[in-house]
Amino acid sequence: MTSERPRFRLGFLTHVQGRDQDIAHTYRNAQELFAAADELGFDVGWVAQHHVAHGGGGLSSPWTFLAHAAARTSRIRLGTAVTVLPLEDPIRLAEDIATVDALSGGRVEIGVGSGSSAQEYAAFGRDADRKRELTSENLDLLRRALAHEEVGTPGFRVQPRPGDFGRRVWQGVFSAQGAEYAARRGSNLLLNRAAYGFDSPTDEVQRPWADAFLAAWDRPHRPRVGLSRFVFPAKDRRTALRAIGDDVHRAALRMAESGAFPKGLDRDEALRRFHSFHGHPEEIVEALGREQVLPVATDLIAQFNPAVPDHDAAVRALELIATEVAPALGWKPAHRGGPARVEPVPAGA
C-alpha cells in the first residue's frame, strides 16, 4: 500500500461470545472492547445479532447493547453487522436506531441482512423461504421511517426524529447478484469474513461481488465497501495459534455439519477456509497486501470470531491492529476531539 491510497476506516466486529455461561461477564468484556477501540482510534465498532446462542453467548438485542456502548465511548461509530431484518418490525427498529443515534451524537451505522438460522425464523413465526422478500420489504419501510416519512398509518412518523441515514445503511451479501441488488437500493456493501460453500480463497470469490456492486452503483455519492476479515495479531504465529487455533477448528467442523465446509478439515484448512490473518503484525500486513478485495474496500473490519480469545489477548490484538497492522496499510486514526464523522468517500477509492 502506498501513501497515495485514500484513507480507509478501521472497524472491529464482535459476536459477543465468552467461554462460560456468565453472559453478564461476556457482555461487560465486549463493552470494554468498545471502550478500548474508542481510545485506540478505531472508526467503527460493530456487533452481530444472533437470536440463537452459540457457545458462550451471542447478542440478541444489539441496539440495547449499543445504547450502553454509546455511554461508554465518545467518538467511535456504532453499528450492526448485521441486524436480522426479516425478524424485526421495521418501524419499531427505526425507533431504536433513532434513539441510539440521538444518545450517541449521530454515531450510528445500520447494517442489515437476512440471517441464516431456520430456528430463528421459526421462533419469530417468519417463513424462511421468504427471507429475501421480507428483507426487501422491511428495508424499504425502514428507510422510509428513518427518512422521517409517514409510515404505518397516516400522520405517524417515528420519534425521536432520525438524523440523515442516506449514507449510513449497509447490506450484507453472499453473491454478485446480492451485491448488485444492494447497489440498486443505495446501500453500502458488507462482505463477510469467509465465503461459505466455495473451495476457492474467500478474496477470489468476493472480489467479483465487490466489482459487481461498484459497477451497479448509480447514486451521486460514492459508496462504502466494508470488508470483514478475521485478523488476530500476536507476538508470533505460535502465540496466535494457541489463542485461536482450536476454536477455529471446532467452528469449521460445525460448519461442515451444515454443508458450508467439507467434512474432515484439519486445523490449517479450517484457518484457510475462514480466511484467517494471524501471527506477527508484519506477517499479517504482508498477507493483507495480497488480499484481493482490500484495494476496493473503504472500511476494514477486523474480527476474532469464530475464535473466542481471552479478554486480555483480545484487547492486545486490538492494540496491535490499531498501532501496527492498520497504519502499515495506510490507515490513520481520526481526530479524537469529537465523534468519528460519516466521511465522504474520496475519488479513486
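Predicted model only: the values in this text are computed from it and were never measured.

Observations regarding the overall build of the protein chain
Next up, step 1: Within the protein chain, the secondary structure is distributed over eleven helices and nine strands.
Next up, step 2: For 349 residues, the compact-globule estimate of 2.2 N^0.38 gives 20 Å, and the C-alpha radius of gyration of the protein chain, at 19 Å, lies within 12% of that figure.
Next up, step 3: With the principal axes as the frame, the protein chain shows a C-alpha extent of 60 × 45 × 40 Å.
Next up, step 4: Burial statistics for the protein chain: of 349 residues in total, 53% are counted as buried.
Next up, step 5: Within the protein chain, counting contacts between residues at least 6 apart in sequence, those at least 24 apart form 76% of the total.
Next up, step 6: Of the roughly 15300 Å² of accessible surface on the protein chain, a fraction of 49% belongs to carbon and sulfur atoms.

Remarks on the nonpolar core
Next up, step 1: F42, I97, I110, L142 and L191 are the most contacted members of the largest nonpolar core, which has 91 residues in total.
Next up, step 2: The leading source of residues in this core is helix α11 (residues 311-328), at eight residues.
Next up, step 3: Discounting residues that sit within four places of it in the chain, F42 has contacts with L10, G11, F12, A37, R75, I76, L318, I321, A322 and W331.
Next up, step 4: Within the second largest apolar cluster, nine residues are counted, among which are A48, A81, W170 and L190.

Considerations on the packing of helix α1 (residues 23-40) against α11
Next up, step 1: Remark: α1 packs on α11, axes separated minimally by 10 Å, with the N-to-C direction vectors making an angle of 20 degrees. Regarding the angle of α1 to α11, the classification is roughly parallel. The handedness of the crossing between α1 and α11 is right-handed. From α1, N29, E32, L33, A36 and L40 reach across to α11, where they touch H311, A314, V315, L318, E319 and A322.
Next up, step 2: Considered class by class, the residues forming the contact of α1 with α11 number seven nonpolar, two polar and two charged.

Re the pattern of salt bridges
Next up, step 1: With the rule as written, the count across this model stands at 26 salt bridges.
Next up, step 2: A salt bridge links E283 to R237; its shortest N-O distance comes to 4.0 Å. In this pair, E283 sits in helix α10 (residues 281-288) while R237 sits in helix α8 (residues 237-257), placing the two residues 46 residues apart along the sequence.
Next up, step 3: Classification of E283 by relative accessible area gives partly exposed; the value is 34%.

Quick word on the packing of α1 against helix α2 (residues 62-72)
Next up, step 1: One can describe the packing of α1 onto α2 by two numbers: an axis separation of 9 Å at closest approach and a directional angle of 45 degrees. Taken together, the axis directions place α1 and α2 in an arrangement best described as oblique. For the element pair α1 and α2, the recorded crossing hand is right-handed. Every residue of α2 that contacts α1 at Y27, A30, Q31, E32, F34 and A35 is listed here: F65, L66, H68, A69 and R72.
Next up, step 2: Class assignment for the residues of the contact of α1 with α2 results in seven nonpolar, two polar and two charged.

Considering the side chain of H221
Next up, step 1: Counting through the fold element by element, H221 comes out in the loop between α7 (202-216) and β7 (225-233).
Next up, step 2: Setting aside residues up to four positions removed in sequence, H221 forms contacts with G166 and R167.

Notes on the confidence of the model for the protein chain
Next up, step 1: Scored by pLDDT, the protein chain comes out at a mean of 93, with 93% of its residues at no less than 70.
Next up, step 2: Note on residues 344-349: pLDDT is under 50 here. Beyond four places in sequence and across chains, it has 14 contacts.

Observations regarding the side chain of T298
Next up, step 1: Structurally, the position occupied by T298 is in the loop between α10 and β9 (299-303).
Next up, step 2: Looking at T298, its side chain comes within polar contact range of the main-chain nitrogen of V225, at 2.9 Å.

As for unusual backbone geometry
Next up, step 1: In the segment running from Q159 into P160, the intervening peptide bond is cis, with an omega of 5 degrees.
Next up, step 2: Counting through the fold element by element, P160 comes out in the loop between α5 (131-146) and β5 (169-173).
Next up, step 3: At the junction of N305 and P306, the peptide bond is cis and its omega measures out at 15 degrees in the coordinates.
Next up, step 4: Along the chain, the position of P306 falls in the loop between β9 and α11.
Next up, step 5: With phi around 65 degrees, H148 is a residue other than glycine that occupies positive phi space.
Next up, step 6: Mapped onto the elements of the fold, H148 is located in the loop between α5 and β5.
Next up, step 7: The phi dihedral of H275 is positive, around 55 degrees, even though this residue is not glycine.
Next up, step 8: Locating H275 in the fold gives a position in the loop between α9 (267-273) and β8 (277-279).
Next up, step 9: Accessibility expressed as a relative area gives 11% for H275, which makes it buried.

Details of the pairing of strand β4 (residues 108-113)
Next up, step 1: For β4, a buried count of six out of six residues is recorded, marking the element as mostly surrounded by other parts of the structure.
Next up, step 2: Of the two faces of β4, the one lined by V108, I110 and V112 and the one lined by E109, G111 and G113 are each fully buried.
Next up, step 3: Sheet analysis places strand β3 (residues 77-84) next to β4, joined by five bridges and oriented parallel. Of the residues in β4, the one forming a bridge with T80 is I110.
Next up, step 4: Once you follow β3 into helix α3 (residues 90-104) and on to β4, the crossover reads as right-handed.

How each quantity is defined
- Residue numbers here run from 1 along each chain, matching the order of that chain's written sequence.
- In keeping with the predicted nature of the model, local features appear solely for residues at pLDDT of at least 70, side-chain atom pairs appear and are counted solely at 80 or more, and the whole-chain, interface and lining totals rest on all residues.
- Only hydrogens and water are set aside when side-chain values are computed; all heavy atoms of the structure are taken into account.
- In this text, helices come from DSSP runs of H or I with a minimum length of four residues, and strands from runs of E with a minimum of two, each type numbered from the N-terminal end.
- Radius of gyration here uses only the C-alpha atoms, and the compact-globule reference equals 2.2 Å multiplied by the residue count raised to the power 0.38.
- A 1.4 Å probe rolled over the protein chains alone gives each residue an accessible area, and that area as a share of the maximum for its type sets the label: buried under 20%, exposed over 50%, partly exposed in between.
- Contacts are residue-level and defined by heavy atoms, with any inter-residue pair within 4.5 Å sufficient.
- Note that accessible areas follow from Shrake-Rupley with a 1.4 Å probe, and for residues the cover is restricted to the protein chains shown.
- In plain words, nonpolar cores are sets of buried Ala, Val, Leu, Ile, Met, Phe, Trp, Tyr and Cys residues tied together by side-chain atoms within 4.5 Å.
- Here an angle of 0 to 180 degrees is reported between the N-to-C directions of two axes, which are lines fitted to C-alpha atoms, with helices fitted over the stretch in contact.
- We call two directions roughly parallel when the angle between them is under 35 degrees, roughly antiparallel when it is over 145, roughly perpendicular when it lies between 65 and 115, and oblique otherwise.
- Helix crossings are classified by the rotation of the near helix relative to the far one: an anticlockwise turn of less than a right angle makes the crossing left-handed, while a clockwise turn makes it right-handed.
- Residues are sorted three ways: Asp, Glu, Lys and Arg are charged, Ala, Val, Leu, Ile, Met, Phe, Trp, Tyr, Cys and Pro are nonpolar, and all the rest, Gly among them, are polar.
- When a carboxyl oxygen of Asp or Glu lies within 4 Å of a side-chain nitrogen of Lys or Arg, that pair is called a salt bridge.
- Predictor confidence is given residue by residue as pLDDT, running from a minimum of 0 to a maximum of 100.
- Definition of a polar contact: a pair of N or O atoms within 3.5 Å, with one able to donate and the other able to accept a hydrogen when the atoms are protein atoms, and with sequence-neighbouring residues admitted only if both atoms are side-chain atoms.
- A pair of strands counts as paired when DSSP detects no fewer than two bridges linking them.
- If you view a crossover with the strands going away from you and the path from the first strand over the helix to the second runs clockwise, you call it right-handed.

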